[in-house]
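# Coordinate inspection notes
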Amino acid sequence: MPSRPVRHARRTLAPLALLVAPLVALVLTGCTALGPGGVVEQRVAAVDTTPLSELDALDDPREWTGETVVRTADTPVAPVADDPQPQLPVTVTDSQGTEVTVTDTSRILALDLYGTLSRTVFELGLGDRVVGRDTSSTFPEIADLPLVTANGHELTGEAILELAPTVILTDTTLGPWDVLMQMRDAGIPVVVLDPHRSVETSGDLVRSIAEALGVPDEGAELAERTRAEVDDVVAQVAELAPREQADRLRVAFLYVRGQAGVYYLFGEGSGADSLVESVGAVDVASEIGWKGMRPVNDEGIVAAQPDVLLMMSQGLESAGGVDGLLERLPALAQTPAGENRRIVAMDDAQILAFGPETAGVLDALARALYAPASVPGGEG
């Protein structure tokens, strides 16, 4: 069996004056853990709904060992408006500098690698106008709609055209690009949004989507709600994390695709740095001057000396679990994270999605980092 987080002396935190916002109530459910040989085992456990501010936190967040795989719960869409009326036509300049005029939002496709764009459209109150989905859009309200992606995240032109969309929102995380050009040639407005995301820009993404769909007021409301929920979680995390910088967890975000031999360390400007800092930890890649997303090397990972590795769960699986990862990247054994097998992994479609569900992602990661006993399946 995999090692479990080790329980040590803890401190109980006094509740914050801030109330836990609705999205912060996202809880960990249906978590998985990696068994012998990297096999994924599904764990069914009672959901801990305790607010972050009331968790029993470890005195020292380095006092646990073993991997933890978490995901946020599927929570109902909570639209900011019941029946918004888009003000059309609207002309926007997208992230590629293309001027796009949208005249009809009756049939929307919102497509990206994380499912964030479609979730945002639903949260704006326009979910009944969405006609299809990408592979990562799996929340219950959209799950019955037809897929327009195949082979993972590959756009299918025929599937898109069959749905006769009147507007397509996307970014550059999905391809092939020729399919989107085909859609433009067919007369469908295609708005390309900025794929660079972070905790701080979640509201900007919401507003950009709302502007393109002619509902800027609803976008402003959803962006403000998202910001308030994130601020609430960040304030609670500040009570969980060590006060002194020297005592904070040193975290590295490692992107892995084992079958393809892809091992990247995400650094400054990748979005992962924003995520790590928002959960009260030190992004070690940024600390050593690692910018963007670059292939990891032995020298870099040893120099970083992370206490914890943050990963996508499917990436960890692709490497054969923790054992496989340590075999493929033996230099990890020279770091506290590798020595203690301290890895926190989250579903690929959630961890860097940002947007309206940012607060829930931060909430889940904070539980795993500072109070692993609160994670279902995390305590033996």
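Cut-offs used in this document
- Residues numbered from 1 in each chain as written.
- Predicted model: local features only at pLDDT ≥ 70, side-chain atom pairs only at ≥ 80, totals over all residues.
- Heavy atoms only, no water.
- Helix = DSSP H or I, 4+ residues; strand = E, 2+ residues; numbered from the N terminus.
- Buried < 20%, exposed > 50% of the residue type's maximum accessible area, 1.4 Å probe, protein only.
- Areas by Shrake-Rupley, 256 points an atom, 1.4 Å probe, with all protein chains shown as cover.
- pLDDT = per-residue confidence, 0-100.
- Contact = heavy atoms within 4.5 Å.
- Polar contact = N/O pair within 3.5 Å; in protein donor to acceptor, adjacent residues only side chain to side chain.
- Phe/Tyr/Trp six-rings, centres within 6.5 Å; stacked < 30°, edge-to-face > 60°.
- Lys NZ or Arg CZ within 6 Å of the ring centre and 35° of its normal.
- Core = buried A, V, L, I, M, F, W, Y, C linked by side-chain atoms within 4.5 Å.
- Pairing = 2+ DSSP bridges.
- Axes fitted to C-alpha atoms, helices over the stretch in contact; angles between N-to-C directions.

Attention now moves to the overall build of the protein. Counting its regular elements, the protein contains 13 helices and 18 strands. Across the 380 residues in the protein, those meeting the buried criterion constitute 56%. Carbon and sulfur atoms make up 50% of the accessible area of the protein, which totals about 15100 Å².

The next point concerns the confidence of the model for the protein. Summary statistics for the protein give a mean pLDDT of 85 and a share of 86% for residues scoring 70 or more. Contacts for the low-pLDDT stretch residues 1-47, under 50 throughout, to residues beyond four places or in other chains number 141 contacts.

So, about the side chain of Thr 105. With respect to the element layout, Thr 105 can be found in the loop between strand S7 (99-102) and strand S8 (108-111). At 3.0 Å, the side chain of Thr 105 forms a polar contact with the side chain of Arg 129. In this structure, Thr 105 is in contact with Pro 86, Leu 88, Arg 129, Thr 166, Val 167 and Leu 213, ignoring residues within four places of it in sequence.

To describe a pair of aromatic rings, you give the distance between the ring centres and the angle between the ring planes. A complete count under the given rule lists three aromatic pairs for this structure. Relative to Phe 139, the ring of Phe 122 lies with its centre 5.1 Å away and its plane at 80°, an arrangement referred to as edge-to-face. Within this pair, whereas Phe 122 is found in helix H1 (residues 116-123), its partner Phe 139 is found in the loop between H1 and strand S9 (149-150), the two being separated by 17 residues in sequence. The burial state of Phe 122 is the same as that of Phe 139; both residues are buried. One aromatic cluster is present, formed by Phe 253, Tyr 255 and Phe 266 through successive ring pairs. For the cation-ring pair, Arg 119 lies above Phe 139, with the distance from its terminal atom to the ring centre recorded as 5.1 Å. The ring of Trp 290 carries Arg 294 above its face, with NZ or CZ at 4.1 Å from the centroid.

Time to look at the nonpolar core. Counting 42 residues, the largest nonpolar core has Leu 275, Leu 310, Val 344, Leu 352 and Tyr 370 as the members making the most contacts within it. Among the secondary structure elements, those contributing two or more residues to this core are strand S4 (56-58), helix H5 (216-240), strand S13 (250-257), helix H6 (272-278), strand S17 (308-312), strand S18 (343-346) and helix H13 (358-370). If one sorts the elements of this core by residue count, H13 sits on top with nine residues. Core analysis: the next-biggest nonpolar cluster, separate from the first, contains 29 residues, Val 80, Val 100, Phe 139 and Ile 142 among them.

With that out of the way, let us pick up the sheet that holds strand S12 (residues 190-192). Here three strands make up an open sheet; going across it, the order is S8-S11-S12 and the pairing parallel. Strands with a single pairing partner mark the edges of an open sheet, and in this sheet they are S8 and S12. In this sheet, neighbouring strand axes are inclined to one another by 15° on average, regardless of whether the strands run parallel or antiparallel. The pairing of strand S11 (residues 167-170) with S12 spans three bridges and is parallel. Bridged to Ile 168 within S12 is Val 190. Against the sheet, helix H3 (residues 177-185) makes contact with S11 and S12, and its axis sits at roughly 140° relative to S12, the strand it touches most.

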